[in-house]
Amino acid sequence: MPHPARRLRRTLAVALAASAVALGLAVQPAQAADPLRYVALGDSYSAGSGVSPTDFSSPLCLRSKANYPKVIAGRTGADLTDVTCGAAQTKHFTQSQYPLVPPQADAVNADTDLITLTIGGNDNSTFIGALLACGSAGLTTGGYGNPCETLHGSRFTDAIDDHTYPALRSALAAVKAKAPHARIAVLGYPWITPASFDPTCFAKLPVARGDIPYLRGLQSHLNDTIARAARESGAVYVDFAQVSEGHDACKASGTRWIEPVLGGNSIVPVHPNALGESRMADHTMTVLGLG
């Protein structure tokens, strides 16, 4: 005759097994969740142009294998489609940028879960045009005064208001229409210039003393415009105003996120370096709550 304790254990085991079956709790192998379907759009700040190693899948786009979309995908296990492309403008979401380079929004569809992008800085040649104009003007005065602001005034900010803003709204609407259920994150641009004039910076960024706040104000205006278009389009805006402070192109290597015009470590100046791309990924993941 079985020992009473042994009989009790057997009865309890049978009862628990029956309960598990009744409640559908039979042990099953863990099912892996489907990976996040992630599409990266945008310009050279998203492509990581100039950051090694290079992704040669689209050579004209100067895309890096260490850009922030690939960092995010690597950390989250997302299924990434990266169509970022250096020099892209908002129009290249719906138009081909180069031969055999389709419109970026073609990569997006109804199954897309997440979209990230930086865009707008190349429209109206805002970044390159302003930096070339202010750098040239700064050299003529030896770094004194505000020759660029005197010469160009509100030219760049007017172009952002009149052309970039509606173009952003149109581009984001096109993306949203193709991926109505996707979460869209629009990243601002990290600071290029310091908060105030740094006399040691002229050798790296030849902009006159009075034009540093002028350029800073221009970038702030562009980021504010991008933020407004993002919010009005139902997208998340990822703001770098605070986290990129102190990491501008005038800082030392290892601290700066953006490479300077002169004496930098990248073939593509005034763009994020590997550290910058990594930090852009960090902050984007924090804002989006991606673990």
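Procedures and definitions
- Residues numbered from 1 in each chain as written.
- Predicted model: local features only at pLDDT ≥ 70, side-chain atom pairs only at ≥ 80, totals over all residues.
- Heavy atoms only, no water.
- Disulfide = S-S within 2.5 Å.
- Helix = DSSP H or I, 4+ residues; strand = E, 2+ residues; numbered from the N terminus.
- Phe/Tyr/Trp six-rings, centres within 6.5 Å; stacked < 30°, edge-to-face > 60°.
- Buried < 20%, exposed > 50% of the residue type's maximum accessible area, 1.4 Å probe, protein only.
- Lys NZ or Arg CZ within 6 Å of the ring centre and 35° of its normal.
- Axes fitted to C-alpha atoms, helices over the stretch in contact; angles between N-to-C directions.
- Parallel < 35°, antiparallel > 145°, perpendicular 65-115°, else oblique.
- Left-handed = near helix turned anticlockwise from the far one by under 90°.
- Contact = heavy atoms within 4.5 Å.
- Polar contact = N/O pair within 3.5 Å; in protein donor to acceptor, adjacent residues only side chain to side chain.
- Pairing = 2+ DSSP bridges.
- Right-handed = clockwise from strand over helix to strand, strands pointing away.

### Brief notes about the state of the cysteines
Going through the model one piece at a time under the given rule, you end up with three disulfides. A sulfur-sulfur distance of 2.1 Å marks the disulfide that ties Cys134 to Cys148. Looking down the S-S bond of the Cys134 and Cys148 bridge, the torsion is -70 degrees, so its handedness is left-handed. Linking Cys134 in helix α4 (residues 126-140) with Cys148 in helix α5 (residues 147-152), this pair joins segments that are 14 residues apart in sequence.

### Some words on the packing of aromatic side chains
In this description, a pair of aromatic rings is defined by centroid distance and the angle of the planes. In the structure shown here, the tally under the stated rule is three aromatic pairs. Where Tyr45 meets Tyr189, the ring centres are 5.1 Å apart and the plane angle is 85 degrees; that geometry is what we call edge-to-face. One end of the pair, Tyr45, is in helix α2 (residues 44-47); the other, Tyr189, is in the loop between β6 (183-187) and α7 (211-232), with 144 residues separating them in the sequence. When sorted by exposure, Tyr45 lands in the same class as Tyr189, which is buried. Among the aromatic residues, those joined into a ring-pair cluster are Tyr45, Phe127 and Tyr189. The ring of Trp191 carries Arg216 above its face, with NZ or CZ at 3.6 Å from the centroid. Lying over the aromatic face of Tyr165, Arg228 brings its terminal NZ or CZ to 3.9 Å of the ring centre.

### What to know about the packing of helix α6 (residues 155-178) against α7
If you want to describe how two helices pack, look at the angle between their axes and the distance between the axes. Running from N to C, α6 and α7 point in directions that differ by 25 degrees, and their axes come no closer than 9 Å. On the basis of their axis angle, the class for α6 and α7 is roughly parallel. When the axes of α6 and α7 are compared, the crossing they make is right-handed. For the pair α6 and α7, contact is made by Phe156, Thr157, Ile160, Asp161, Thr164, Tyr165, Leu168, Arg169 and Leu172 and by Tyr214, Leu218, His221, Leu222, Thr225, Ile226, Arg228, Ala229, Ala230 and Glu232, respectively.

### Some remarks on the side chain of Ser46
By the element assignment, Ser46 lies in helix α2. Under the relative-accessibility criterion, Ser46 is labelled buried at 0%. Polar contacts involving the side chain of Ser46 include one to the side chain of Tyr68, which spans 2.8 Å. Dropping the residues within four chain positions of it, Ser46 is found in contact with Leu41, Asn67, Tyr68, Pro69, Thr84, Leu117, Thr118 and Glu277.

### Section: the pairing of β6
Burial runs high along β6: four of the five residues are buried. Alignment of strand β5 (residues 114-117) against β6, held across four bridges, turns out to be parallel. Its bridge partner lying in β6, Ile115 is registered against Ile184. Sheet topology note: the β6/strand β7 (residues 236-238) ladder contains three bridges and is parallel. Across the sheet, the residue bridging to Val186 is Tyr237, located in β7. Each parallel crossover has a hand, and the one from β6 via α7 to β7 is right-handed.

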